[in-house]
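Descriptive structure summary
Residue strings, one per chain:
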Amino acid sequence: MGKDKLKKFAKYKSIPFCYENLSFDQPQLLDSQNQAVSIAGHWKSNLGITRGDLILELACGKGEYTVGMAEHYPENGYIGVDIKGARMHQGAGFVDEKKLSNAAFIRSRIELIEHFFNPGEVDGIFIIFPDPFLRNRSASRRLTSPPFLDRYRKICGPKATIRLKTDSPELYEYTLEVIHEQKLQINHQINDVYAGPCSLWGLQEIQTFYEAMHLEAKKTIMYVEFNLFA
Ligand SMILES: C[S@@+](CC[C@H](N)C(=O)[O-])C[C@H]1O[C@@H](n2cnc3c(N)ncnc32)[C@H](O)[C@@H]1O
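The sections below set out a description of the structure shown in this document. (Residues numbered from 1 in each chain as written. Predicted model: local features only at pLDDT ≥ 70, side-chain atom pairs only at ≥ 80, totals over all residues. Heavy atoms only, no water.)

Another point: the nonpolar core. By size, the foremost hydrophobic cluster in this structure holds 66 residues, and its most contacted members are Trp 43, Ile 79, Phe 117 and Tyr 152. For this core, the element with the highest residue contribution is helix H6 (residues 169-181), accounting for six residues. Residues within four places of Ile 79 in sequence aside, it is in contact with Trp 43, Leu 47, Leu 54, Ile 55, Leu 56, Glu 57, Thr 66, Ala 104, Ile 106 and Phe 117. (Core = buried A, V, L, I, M, F, W, Y, C linked by side-chain atoms within 4.5 Å. Buried < 20%, exposed > 50% of the residue type's maximum accessible area, 1.4 Å probe, protein only. Helix = DSSP H or I, 4+ residues; strand = E, 2+ residues; numbered from the N terminus. Contact = heavy atoms within 4.5 Å.)

If you want it as structure tokens, here you go:
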């Protein structure tokens, strides 16, 4: 690891609301002091949420949605999840600076997500510019593939929605097929997010690191929001 990455990583590790777990054998979350913590079932109270929702941002990268949504909707709790701590340090730094008490980060593989939350604890999931894993043999690694949807069902409540924002026509089409096959309801489908005004707050207002690059390359940005349960 380069010096700069190590520094960013160390900063991520020093912030109190950042947790991590990297072990498939012992999927226990550790806090910034490397102490094992049991927060499953208590995330809302930990984030000071009394009436709002608990929303995850999976593959959060620098955590732009976690920070932007937490600021705009203080009644909800937001948790960014990614394997790359050096990327998340930026979002974690903003949460720290802005003193947002309703946001947190987990450094882990999303494959382990069911170990960190109790059944029904999560109300919604953002998946923002995930890797499309274009090869057919990698399809099960796509974050909207049936195995991942099954993982999300273990921790989400019955009204949970999945919100995908992507520049990949292949991933978008694939996700629409999964939705169709599983007979899930689509709540919003926008084939070109920037074609006109948008009533869903955050879709145009929050742009992530990868999104900025895709917009620069004149790519079309697509969005679909669907119910996780039929
Ligand atoms: C293309 S980047 C997008 C980052 C951010 N959402 C953005 O729009 O700038 C995809 C991110 O997904 C993360 N990722 C991919 N597969 C993952 C997995 N199985 N578990 C945890 N993180 C994963 C990568 O580390 C990377 O940060």
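Turning next to the side chain of Thr 161. Structurally, Thr 161 is set in strand E8 (residues 156-166). With sequence-adjacent residues up to four places away left out, Thr 161 is seen in contact with Asp 123, Gly 124, Ile 125, Asn 187, Glu 225, Phe 226, Asn 227 and Leu 228.

Once that is clear, we can look at the packing of aromatic side chains. By the definition in use, this model includes six aromatic pairs. Both rings, one in Tyr 19 and one in Trp 43, keep their centres 5.6 Å apart while their planes meet at 90 degrees; by these two values the pair is edge-to-face. Separated by 24 residues along the polypeptide, Tyr 19 in strand E1 (residues 18-20) and Trp 43 in helix H2 (residues 43-46) bring together distant segments of the chain. Following the ring pairs from residue to residue traces out a cluster consisting of Tyr 19, Trp 43 and Phe 117. For Lys 62, the ring lying beneath its charged end belongs to Phe 209, and the centroid distance is 4.3 Å. The ring of Tyr 174 is capped by Arg 142, whose NZ or CZ atom sits 4.5 Å from the centre of that ring. (Phe/Tyr/Trp six-rings, centres within 6.5 Å; stacked < 30°, edge-to-face > 60°. Lys NZ or Arg CZ within 6 Å of the ring centre and 35° of its normal.)

Here we come to the pattern of salt bridges. All told, the structure shown has eight salt bridges when counted by the stated rule. Between Arg 109 and Glu 111 there is a salt bridge, with the nearest N and O atoms lying 3.4 Å from each other. Glu 111 gets classed as partly exposed once you look at its relative accessible area, which sits at 21%. Asp 150 serves as the salt-bridge partner of Arg 153, at 2.9 Å between the closest nitrogen and oxygen. Of this pair, Arg 153 and Asp 150 both sit in helix H5 (residues 146-153), separated by three residues, roughly a single helical turn. (Salt bridge = Lys/Arg side-chain N within 4 Å of Asp/Glu carboxyl O.)

A separate point is the site of the ligand. Close to the ligand lie 17 residues, the nearest being Ala 59, Asp 82, Arg 87, Ile 128 and Thr 208. The separation between an oxygen atom of the ligand and a polar side-chain atom of Asp 82 is 2.7 Å. When the ligand is considered free in solution it has 600 Å² of accessible area, and contact with the protein chains removes 94% of it. Along the lines of polarity and charge, the residues of the shell around the ligand split into eight nonpolar, three polar and six charged. (Near = heavy atom within 4 Å. Polar contact = N/O pair within 3.5 Å; in protein donor to acceptor, adjacent residues only side chain to side chain. Areas by Shrake-Rupley, 256 points an atom, 1.4 Å probe, with all protein chains shown as cover. Nonpolar A, V, L, I, M, F, W, Y, C, P; charged D, E, K, R; others polar.)

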